[in-house]
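Working through the structure, step by step
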Amino acid sequence: VSVNSAAICPGGSTTLTATTSASTPSYLWSPGGETTVSITVSPSSTTIYTVTVTDGATTCVNSGSGTLTVNPLPTVSVNSATICAGGSATLTATTSATGPSYLWSPGGATTTSIIVSPLSTTTYTVTVTDGTTTCVNSGSGTVTVNPLPAVTVNSATICVGGSTTLTATTSASTPNYVWSLGGAITPSITVSPSSTTIYTVTVTDGATSCANSGGGTVTVNPLPTVSVNSATICAGSSTTLTATAGASTPSYMWSPGGATTASITVSPSSTTIYTVTVTDGTTSCANSGSGTVTVNPLPTVSVN
């Protein structure tokens, strides 16, 4: 009597068959108690199966055994990682398998490690086959994807020499700020650029370490050009002063006097400086110019 031996992986099964010289054999297997020439078995650990064969012609009895070796599944573990949206992470399979082969899902990679950049939180599973036993096991790691914080910055329009405040608005739970121009670390900054400038702030979420940027533009409108003629008069006379302005739809305010026209007629009793403030109707930017009216005294005249 002889019985084949075999090796399986946990959860697998195989067939053991008795080979005998008995002319009219009967069979009894142990463990199990089957009475067939072949049995299909699935033990959880390595087991010796013995078959007792009785020859029906002679009633002589003999036994034979086969060993079913149960090879262990390879251990498999995979690290997990946390990234920010747009970032990447390396996942590595660690296994007890001898001569292992790998198959990752999703992706289909066949290497020990993979570099991944998922758009959303994803679980990656690797199936490892032991090159010696052909037993297979799997392990998984999760890449958690944290969103970038939303960042917006208001824009503003100022006149040359003016200032404005820019404020960053963000979805970050514990934000940290760094402004590109000046290096301020506050949510708001007050700026006074001499020309149109884009200000960018980078916000890092203290909870996730994810960072994102937003920008606002400060548009700087020029001041209108303003000039006023000067004049010389004699005491008691008058003259006209006219403001010339490089402004769109200008409005005027004279001082002294409070006139709101482009030209004024004045008759000061002494030399006087007249100032006009011109506001551009499109940009609301204002500038001033001055003209001087010099008053010469009349000559004194006496007759004896």
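This text gives an overview of the structure that appears in the document. (Residues numbered from 1 in each chain as written. Predicted model: local features only at pLDDT ≥ 70, side-chain atom pairs only at ≥ 80, totals over all residues. Heavy atoms only, no water.)

1. Some thoughts on the sheet that holds strand β10 (residues 89-95)
- Here we have three strands laid out as an open sheet, ordered β8-β10-β12, and antiparallel in their pairing. Whereas interior strands pair on both sides, the edge strands pair on one side only; in this sheet they are β8 (76-78) and β12 (113-116). Averaged over all pairs of adjacent strands, the angle between strand axes in this sheet comes to 20°, irrespective of strand direction.
- Both β10 and β12 contribute to a ladder of four bridges, which runs antiparallel. Residue pairing across strands places Ala89 opposite Val116, the latter belonging to β12. (Pairing = 2+ DSSP bridges. Helix = DSSP H or I, 4+ residues; strand = E, 2+ residues; numbered from the N terminus. Axes fitted to C-alpha atoms, helices over the stretch in contact; angles between N-to-C directions.)

2. Comments concerning the state of the cysteines
- One pass over the full model with this rule turns up three disulfides.
- Bridging Cys9 to Cys135, the disulfide has an S-S length of 1.9 Å. Measuring handedness by torsion sign, the sulfur bridge of Cys9 and Cys135 sits at about -100° and is left-handed. Linking Cys9 in the loop between β2 (6-8) and β3 (14-19) with Cys135 in the loop between β13 (122-129) and β14 (136-146), this pair joins segments that are 126 residues apart in sequence. (Disulfide = S-S within 2.5 Å.)

3. A look at the pairing of strand β9 (residues 81-84)
- With burial as the criterion, only one face of β9 is covered, namely that bearing Ala81 and Ile83; the residues Thr82 and Cys84 on the opposite face remain uncovered.
- Here β9 runs beside β14; their pairing, made up of four bridges, is parallel. The partner of Ala81 across the bridge, within β14, is Val143. (Buried < 20%, exposed > 50% of the residue type's maximum accessible area, 1.4 Å probe, protein only.)

4. Thoughts on the sheet that holds strand β21 (residues 211-221)
- If you walk across this open sheet you meet the four strands as β16-β21-β20-β18, and the pairing is mixed. Of all strands in the sheet, those with a lone pairing partner are β16 (156-159) and β18 (175-179), marking the two edges. Taken over all neighbouring pairs, the strand axes of this sheet differ in orientation by 25° on average, direction set aside.
- Two elements, strand β20 (residues 197-205) and β21, share eight bridges in a ladder whose sense is antiparallel.

5. Some points on the pairing of strand β25 (residues 251-255)
- Burial of the side chains of β25 is restricted to one face: Tyr252 and Trp254 are buried, whereas none of Ser251, Met253 and Ser255 on the reverse face is.
- Both β25 and strand β27 (residues 272-279) contribute to a ladder of five bridges, which runs antiparallel. Bridged to Met253 within β27 is Thr277.

6. Things to note about the nonpolar core
- Ranked by size, the top nonpolar core spans 17 residues in total, and within it Leu91, Trp104, Tyr124, Val126 and Val143 carry the most contacts.
- Among the secondary structure elements, those contributing two or more residues to this core are β8, β9, β10, β11 (101-105), β12, β13 and β14. (Core = buried A, V, L, I, M, F, W, Y, C linked by side-chain atoms within 4.5 Å.)

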